[in-house]
Amino acid sequence: MRKYVIMGVQGSGKGTQAMLLAADLDLVHISVGDIFRWNVQHHTKLGAQVRRTMAGGELVGDDLVEGVVKTRLADHDWNFGFIIDGFPRNERQAEFFLESYDIDGVIHLEMPDSEVRRRVMARRLCAGCGMDYNLLASTPSTAGRCDVCGGELVTREDDTEEALAVRLRDYHQKTNPVLDIFRRKEYVVTVDARPGRDIVQKEIRERLGLPPLPAAGQDGPAAGGAAAGR
Ligand code: ADP
Ligand code: ZN
């Protein structure tokens, strides 16, 4: 059983890297942001509680977030483990998490703020299935439409200059101290998030002592032929 946390500034590719790891290692991918967005989209009570906070780029209250994480992990559908993305985001959440679960590693995707804006502004989300697109890395085969479900590609409500500034500020003020807590416990591997998706994934796996991805992804720059070893 493997339990990982993935951390990184907005647009650093946490969701993408978490998904690649989860699919291959049979981990459950838990994205707190995705859970909230799903609830907003489906007009649930929780969605109504978090909608305005999220749109402004502010952090949702700790009690609410901890409740969501607790409930999600209590499903115990994660026989092979989980990778959690978007949590913990401040010291209190980190303490709650460490009290409740032991973890095997923290993946820290590092990227300068100057790159954040470029990536976040190019991000689109499928209104149908929630799939993430980045127009810098790949364009969908029909402009503005999801390759998977044909849904409309929209901009996330919190991907505006104003909300992004708030999120970045929170990241540096509140989330960096979480990294320090994890570093003291020697959980953290820091990986450069600037290269392409497959290169970042390869680096993560090397650093965690995991075997490389069996098949190369679709859009890596000439992904290097035969995967050496296993
Ligand atoms: P990003 O990392 O790009 O800011 P996420 O998709 O992880 O985006 O989260 C989107 C929003 O959901 C956050 O801006 C915040 O409002 C809320 N949120 C997600 N995780 C947490 C958390 N652990 N604590 C408080 N709010 C959270
Ligand atoms: Zn879709």
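So, a few notes on the structure that sits alongside this text. (Residues numbered from 1 in each chain as written. Chains lettered and ligands numbered in written order. Predicted model: local features only at pLDDT ≥ 70, side-chain atom pairs only at ≥ 80, totals over all residues. Heavy atoms only, no water.)

### Re the site of ligand 1
Let me state the cut-off plainly: Proximity criterion: a residue is near a molecule or strand once any of its heavy atoms comes within 4 Å of it. Within 3.5 Å is the distance limit for a polar contact, defined as a pair of N or O atoms, with the added protein rule that one can donate a hydrogen and the other accept it, and that residues adjacent in sequence qualify only through two side-chain atoms. Method for areas: the Shrake-Rupley scheme with a 1.4 Å probe, in which residue coverage is limited to the protein chains shown. We count a stretch as a helix when DSSP gives it H or I for four or more residues in a row; a strand needs E for two or more, and each element gets its number in order from the N terminus.
Taken together, 19 residues form the shell around ligand 1, and within it K14, R37, E58, G86 and R167 come nearest. In this structure, E58 approaches ligand 1 through a main-chain N or O atom, which is 2.6 Å from an oxygen atom. Residue R167 places a side-chain N or O atom 2.8 Å away from an oxygen atom belonging to ligand 1. Here ligand 1 loses 97% of its free accessible area of 540 Å² to cover by the protein chains. No other element matches the four residues that helix α2 (residues 32–41) contributes to the shell around ligand 1.

### Section: the sheet that holds strand β6 (residues 132–134)
Filter applied, for reference: We call two strands paired when DSSP finds no fewer than two bridges between them.
An order of β6-β5-β7 is seen for the three strands of this open sheet, with the pairing classed as antiparallel. Bordering the open sheet on either side are β6 and β7 (153–154), each of which pairs with just one other strand. Pairing geometry for strand β5 (residues 123–126) and β7, over two bridges, is antiparallel. Following the sheet pairing, C126 is matched in β7 by L153.

### Concerning the packing of helix α5 (residues 91–100) against helix α7 (residues 161–184)
Between two packed helices, what matters for the description is the angle formed by their axes and the separation of those axes. Note the following rule: The angle between two axes is taken between their N-to-C directions and runs from 0 to 180 degrees, where each axis is a line fitted to C-alpha atoms and a helix contributes only its stretch in contact. Whether two residues are in contact is decided by their heavy atoms: any pair within 4.5 Å suffices. Under the convention adopted here, Pro, Cys and the residues Ala, Val, Leu, Ile, Met, Phe, Trp and Tyr are nonpolar, Asp, Glu, Lys and Arg are charged, and Gly plus all remaining residues are polar.
The interhelical angle for the contact between α5 and α7, taken along N-to-C directions, is 35 degrees, at an axis separation of 8 Å. Contacts between α5 and α7 involve E91, A94 and L98 from the former and K174, P177, V178, I181 and F182 from the latter. Considered class by class, the residues forming the contact of α5 with α7 number six nonpolar, no polar and two charged.

### Some remarks on the coordination of the zinc ion (ligand 2)
Coordination angles at a metal have ideal targets, namely 109.5 degrees for four tetrahedral donors and 90 or 180 degrees for six octahedral donors. Stated precisely, the cut-off is as follows: Only nitrogen, oxygen and sulfur atoms within 2.8 Å of the metal, or 3.2 Å for Na, K and Ca, are treated as donors, and water is left out, so sites may look incomplete. Only two sets of limits are used to name each site, 85 to 135 degrees for every angle of a tetrahedral four-donor site, and over 155 degrees for opposite donors with all other angles from 65 to 115 for a square planar four-donor or octahedral six-donor site, with any other site named irregular.
With distances of 2.3 to 2.4 Å, the protein atoms coordinating the zinc ion (ligand 2) are C126 (SG), C129 (SG), C146 (SG) and C149 (SG). Its four donor atoms give the zinc ion (ligand 2) angles of 96 to 115 degrees at the centre, a pattern that matches the tetrahedral case. Each donor residue of the zinc ion (ligand 2) lies on the same chain, and together they follow the pattern C-x2-C-x16-C-x2-C.

### A look at the pairing of β5
Regular strands show a simple pattern: their side chains alternate between the two faces of the sheet. Pairing analysis gives three bridges linking β5 to β6, with the strands arranged antiparallel. By the bridge assignment, R123 is partnered in β6 with N134. In this structure, the hairpin formed by β5 and β6 is closed by a connection of five residues, where G130 is found at a positive phi of approximately 85 degrees.

### Concerning α7
This is how the line gets drawn: Expected span, for any helix, means 1.5 Å times one less than how many residues it has. The reported bend at a residue is simply the angle between two axes, fitted to the 7 residues ending at it and to the 7 residues beginning with it. Throughout, exposure labels follow a simple rule: accessible area from a 1.4 Å probe, protein chains only, divided by the maximum for the residue type, with under 20% read as buried, over 50% as exposed, and the rest as partly exposed.
End to end, α7 covers 34 Å across 24 residues, agreeing with the expected 34 Å (1.5 Å per residue, within 8%). T175 marks where α7 bends most, by close to 35 degrees; the proline P177 follows one to four residues later. For α7, every residue scored as buried is listed here: A163, L164, V166, R167, L168, D170, Y171, T175, V178, L179, I181 and F182. In the segment just after α7, E186 is the residue with positive phi, at about 60 degrees.

### As for the pattern of salt bridges
Oppositely charged side chains can pair when the atoms bearing their charge come close. How we decide: Here, a salt bridge means any side-chain nitrogen of Lys or Arg that lies within 4 Å of a carboxyl oxygen of Asp or Glu.
Summed over all chains, the structure comprises 23 salt bridges. Its salt-bridge partner being R72, residue D77 comes within 3.0 Å of it at the nearest N-O pair. Taking the shortest distance from any N to any O, the salt bridge between R119 and E115 comes out at 3.3 Å. One end of the pair is R119 and the other is E115, both in helix α6 (residues 113–121) and four residues apart, which spans about a single turn. Each member of the pair, R119 together with E115, is buried. Sharing partners across several salt bridges, the network here consists of R123, R156, D158, D159 and R167.

### Thoughts on the side chain of N39
Counting through the fold element by element, N39 comes out in helix α2. A residue is classified by how much of its surface remains accessible, and N39, at 10% relative accessible area, is buried. Contact partners of N39, with chain neighbours within four places excluded, come to T44, L46 and G47.

### Notes on the environment of A165
With respect to the element layout, A165 can be found in helix α7. The class of A165 is partly exposed, set by a relative accessible area of 47%. The sequence separation of A165 and S138 amounts to 27 residues, and the corresponding C-alpha distance is 25 Å.

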